[in-house]
Amino acid sequence: MNVLLLSMPDSFEHTPTVSIRMPNGALTSLAGNIDSHHRIAVADLILVQSSVRATLEQLVSAVRPDLVGLSVMTFQRKTAKRIIALLRTLKRDIQIVVGGYDPSMAPEAYTSDDCWTDFIVRGEGEITFRELLRAIEKGAGYEHILGLSFRQGEYYQHNPDRPVSSLDTKEIRLPNRDARVLSGYTMLGRQVDVIETSRGCTFDCSFCSIIAMRGGTFIPTHLIGYWLTYETPEVMAPALFFWSMIISLLTCGASKLCARQLSTRA
Ligand code: B12
Ligand code: SF4
């Protein structure tokens, strides 16, 4: 299948594109976790904020996607709906899947008449998305896929939630950065890439999306070890953004990561 994954072009006033144009880590992680025979393209629309329509026209024509996946934060919902409408005019038989924070926490926003989606991936996406592509290929039905909502005629079926992955079974593989088809990621003018060092948080602030998304779990060590061993030498942007909700709990791992990165560059 041809698959196109998009992050939304909107930035917030705290993170204007003149200072931050960061890659979306979810999309490359999804790209790294689908079966290898699929053709996958990842496009971060934050890089083309002033030419979204033209870029989508070009991408749909070049990739001919069977399925387009959108990663959506809450403040990007309106844009996501406009992009979905545009995609449907560009290719009629396209299937649309949405995932990320907004579709996970407010799936009903993506099942209404003004937003016609085929699938909603709720919560952690790698395994659900991999299983979804397999099910589409086999025509085998979607009832067995945890964390998935799907359209059945007029209605949506919401399958049970998928428990968060412990990440130590190697069921979730490394991201695929080669799938990116746009360039120009910068942070304060320097080329940047991102490395994920943990998932979740140990705290439970009532206003925070992380708790709803990951049920209060925090999974640090496996990823730190994983990235240290396999990934950091290959990620060579002049600026690296290591993200963790609470990196201060991981000072040992964080300093190892920095030391490893510096020695690789020396
Ligand atoms: C790194 C990060 C940033 C970076 C990079 C952002 C980027 N371009 O991706 C920077 C610092 C730039 C940033 C900025 C902002 N961020 Co931020 N950020 C994060 C952080 C820490 C990690 C995100 C991440 O990549 N995680 C790792 C990936 C692998 O996991 P994931 O994103 O959850 O994706 C998984 C699932 O959601 C799902 N999924 C996601 N997308 C899709 C798409 C499809 C098709 C499918 C099937 C599945 C799927 O599968 C993925 C793999 O399991 C999160 C908090 C967190 N720990 O997740 C906040 C977070 C996403 N950010 C948030 C916010 C609000 C912002 C800002 C608006 C802040 C501001 N006021 O300016 C800006 C928006 C900038 C922008 N235009 O993107 C909120 C979003 C809340 C919400 N309800 O929408 C979060 C959740 C923080 C929080 N605690 O509330 N952010
Ligand atoms: S990520 Fe920050 S805001 Fe969210 S629960 Fe953890 S400490 Fe609280």
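Below: a short report on this structure. Note that the coordinates shown come from a computational prediction; the quantities given were computed from them, not determined experimentally.

A few words on the overall build of the protein. Summing up its helical and strand segments, the protein has eight helices and 13 strands in all. Burial statistics for the protein: of 266 residues in total, 31% are counted as buried. When contacts within the protein are restricted to residue pairs at least 6 apart in sequence, long-range pairs at least 24 apart make up 71% of them.

Below, the discussion takes up the packing of helix H2 (residues 52-63) against helix H3 (residues 77-90). Running from N to C, H2 and H3 point in directions that differ by 40°, and their axes come no closer than 10 Å. The orientation of H2 relative to H3 falls into the category oblique. Our pair here, H2 against H3, has a crossing hand that is right-handed. Facing H2, whose interface residues are Arg 53, Leu 56, Glu 57 and Val 60, H3 presents Ile 83, Leu 86, Leu 87 and Leu 90. Of the residues that constitute the contact of H2 with H3, the class distribution is six nonpolar, no polar and two charged.

Let's shift gears to the nonpolar core. Leu 4, Leu 5, Ala 31, Ile 40, Val 42 and Val 98 are the most contacted members of the largest nonpolar core, which has 40 residues in total. Beyond its immediate chain neighbours, meaning those up to four positions away, Ala 31 contacts Leu 5, Ile 40, Val 42, Pro 175, Asn 176 and Ala 179.

Before going further, it helps to spend a moment on the sheet that holds strand E8 (residues 155-158). One open sheet accounts for seven strands, arranged E3-E1-E4-E5-E6-E7-E8; its pairing is mixed. Only two strands of the sheet have a single partner each, and these edge strands are strand E3 (39-44) and E8. Within this sheet the neighbouring strands show an average axis-to-axis angle of 20°, counted without direction. As judged from the five bridges shared by strand E1 (residues 2-7) and strand E4 (residues 67-71), these two strands associate in the parallel manner. Paired with Ser 7 across the two strands is Ser 71, which belongs to E4. Together, strand E5 (95-99), strand E6 (119-121) and strand E7 (148-152) form the strand contacts of helix H5 (residues 126-138), whose direction differs from that of E6 by roughly 155°.

Our next topic: the site of ligand 1. Not every one of the 36 residues close to ligand 1 is listed here, only the nearest: Gly 25, Gly 69, Ser 71, Gly 99 and Gly 125. At the level of elements, helix H1 (25-31), E4, E5, helix H4 (101-105), H5 and helix H6 (209-214) are the ones that each hand at least two residues to the shell around ligand 1. Broken down by element, the shell around ligand 1 gets its largest block of residues, four residues, from H1. Partitioning the shell around ligand 1 into residue classes produces 18 nonpolar, 13 polar and five charged.

Before going further, it helps to spend a moment on H2. Taking 1.5 Å of rise per residue, twelve residues should cover 16 Å, and H2 covers 16 Å from first to last C-alpha, within 8% of that figure. In the stretch just after H2, Arg 64 is the one whose phi turns positive, near 50°.

All right, on to unusual backbone geometry then. Glycine aside, negative phi is the norm for most residues, and most peptide bonds take the trans geometry. Positive phi values are uncommon outside glycine, yet Arg 64 reaches one of about 50°. Tracing the backbone shows Arg 64 in the loop between H2 and E4. Although it is not a glycine, Leu 188 sits at a positive phi angle of roughly 50°. Structurally, the position occupied by Leu 188 is in the loop between strand E9 (186-187) and strand E10 (190-196). Classification of Leu 188 as exposed rests on a count of 9 C-beta atoms within 10 Å.

Conventions we followed
Residues numbered from 1 in each chain as written. Chains lettered and ligands numbered in written order. Predicted model: local features only at pLDDT ≥ 70, side-chain atom pairs only at ≥ 80, totals over all residues. Helix = DSSP H or I, 4+ residues; strand = E, 2+ residues; numbered from the N terminus. Buried ≥ 20, exposed ≤ 12 C-beta atoms within 10 Å, placed from the backbone. Contact = placed C-beta atoms within 7 Å. Axes fitted to C-alpha atoms, helices over the stretch in contact; angles between N-to-C directions. Parallel < 35°, antiparallel > 145°, perpendicular 65-115°, else oblique. Left-handed = near helix turned anticlockwise from the far one by under 90°. Nonpolar A, V, L, I, M, F, W, Y, C, P; charged D, E, K, R; others polar. Core = buried A, V, L, I, M, F, W, Y, C linked by C-beta atoms within 7 Å. Pairing = 2+ DSSP bridges. Near = placed C-beta within 6 Å. Expected span 1.5 Å × (residues − 1).

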